[in-house]
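# Geometric and topological summary
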Amino acid sequence: MSMKPLCVKLSVQPSRGLVDEKFTILVQNLLPGFQLTIHALHQCEDGHSWEAFAHYTADATGTVNVSEDPSLDGTYSGVEQMGLLWSLRPVPGSKYGLRMRKMNVQTPMVVTISVYQGHRTEGFLDQVLLASVMVERWYMAPGVQRVPITDGKLTATLFLPSGPGPFPGLLDLWGGGGKLVEYRAALLASHGIASMALDYLTPQITKETGKMVDNDYFETAYRVLEQHPQILGSRIAMLGLSFGSTVTLRMAVYSQVVKVKEMMDQAGNSHLLTVLSYKNAGHLIEPPFMPFARASTFKTITNPPTKVMVLWGGELVAHSRAQEDAWRKTLVFLRENLYGGMKHGASFSNL
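Residues numbered from 1 in each chain as written. Predicted model: local features only at pLDDT ≥ 70, side-chain atom pairs only at ≥ 80, totals over all residues. Heavy atoms only, no water.

An unreviewed UniProt entry lists the protein under the name Peroxisomal succinyl-coenzyme A thioesterase-like isoform X2, from Gymnodraco acuticeps. The UniProt entry for the protein carries the following comment under Sequence similarities (unreviewed entry): "Belongs to the C/M/P thioester hydrolase family." (UniProt positions renumbered as here; feature names shortened; annotations may be inferred.)

Structure representation (structure tokens):
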């Protein structure tokens, strides 16, 4: 079936948005019943390429709407509006154990969405494109400020939402791999919460002294947030992933500076605890639509460091569902408990 007489139209809206914003992919001007493959390609900052693809059949009007029409096969199947992002996987021939992580949050994640004739599973770069568009997914909304913390003890970055503030604050702690990981804090600031990404396992002070940080390090970070002129000192949260969750719970219970526990007692809410459990989800619950990594290489913080392969577990679809649900509920929790009726958030959608 030749497509030469037709000019295939591909649109992705919004073509520029936050990474947790859904987009709509629409393919038009096809022949009814036409078989096509929609392909997504992204090159990470480390040089590795990731791809996802799905097989569709045009309806009676010669249209495919990814938000409504089922994928018949590919890296995902069924009706999955954001499947071309969360099912991204390393291209054939890549080394095993890759995990996608955004390092420079001041640049977008650029994804090329393309349409090919027929139901294809490989060799996309050798095929003739019917249509192609580039989309940008950002962690930093317009106006968000990235502020490196210059306190001599801390290795951290503060992200301030757009506007004069004051804003509620959040201390963001990642897991056992160390390093300064900024993308979740940047995204939280894009939703109106001043967030500090903190390196507590491999900070500069540890490199200089050879000693691990203690509670004073975290309390110093908390005070920086508490005393910042654009942050509401009485409305500060902590968020942890993996080993960071252990630190967050410990500080909430035992710290005389953080006092999460004390505020709950005073409010008569010490009995309240919400536990979210997701069947078949893996260990690494990240912001929504991030590709699933069932296993990846992991460099220990021992001296000397050792590179190991870690099995994080989980299943692709269940894990992707969990990330979307957990992120939505996290934002709701933070808005309800930190913001109340105050205005919050930002978006690319109207740009």
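Continuing now.
### Describing the overall build of the protein
Check the secondary structure of the protein and you find seven helices and 16 strands. Split into buried and exposed, the 351 residues of the protein put 47% on the buried side. Pairs at least 24 residues apart make up 67% of the contacts formed inside the protein by residues separated by at least 6 positions. On the protein, roughly 17200 Å² of surface is accessible, and the fraction owed to carbon and sulfur atoms is 52%. (Helix = DSSP H or I, 4+ residues; strand = E, 2+ residues; numbered from the N terminus. Buried < 20%, exposed > 50% of the residue type's maximum accessible area, 1.4 Å probe, protein only. Contact = heavy atoms within 4.5 Å. Areas by Shrake-Rupley, 256 points an atom, 1.4 Å probe, with all protein chains shown as cover.)

### Some thoughts on the packing of helix α2 (residues 183-190) against helix α7 (residues 316-339)
Packing of α2 against α7 leaves a shortest axis separation of 12 Å and a crossing angle of 55 degrees. On the basis of the axis angle, α2 is oblique to α7. Relative to α7, α2 is oriented so that their crossing is right-handed. Residues Arg184, Leu187 and Leu188 of α2 form the contact with α7, whose own contacting residues are Trp327, Leu331 and Leu334. Class assignment of the residues belonging to the contact of α2 with α7 gives a composition of five nonpolar, no polar and one charged. (Axes fitted to C-alpha atoms, helices over the stretch in contact; angles between N-to-C directions. Parallel < 35°, antiparallel > 145°, perpendicular 65-115°, else oblique. Left-handed = near helix turned anticlockwise from the far one by under 90°. Nonpolar A, V, L, I, M, F, W, Y, C, P; charged D, E, K, R; others polar.)

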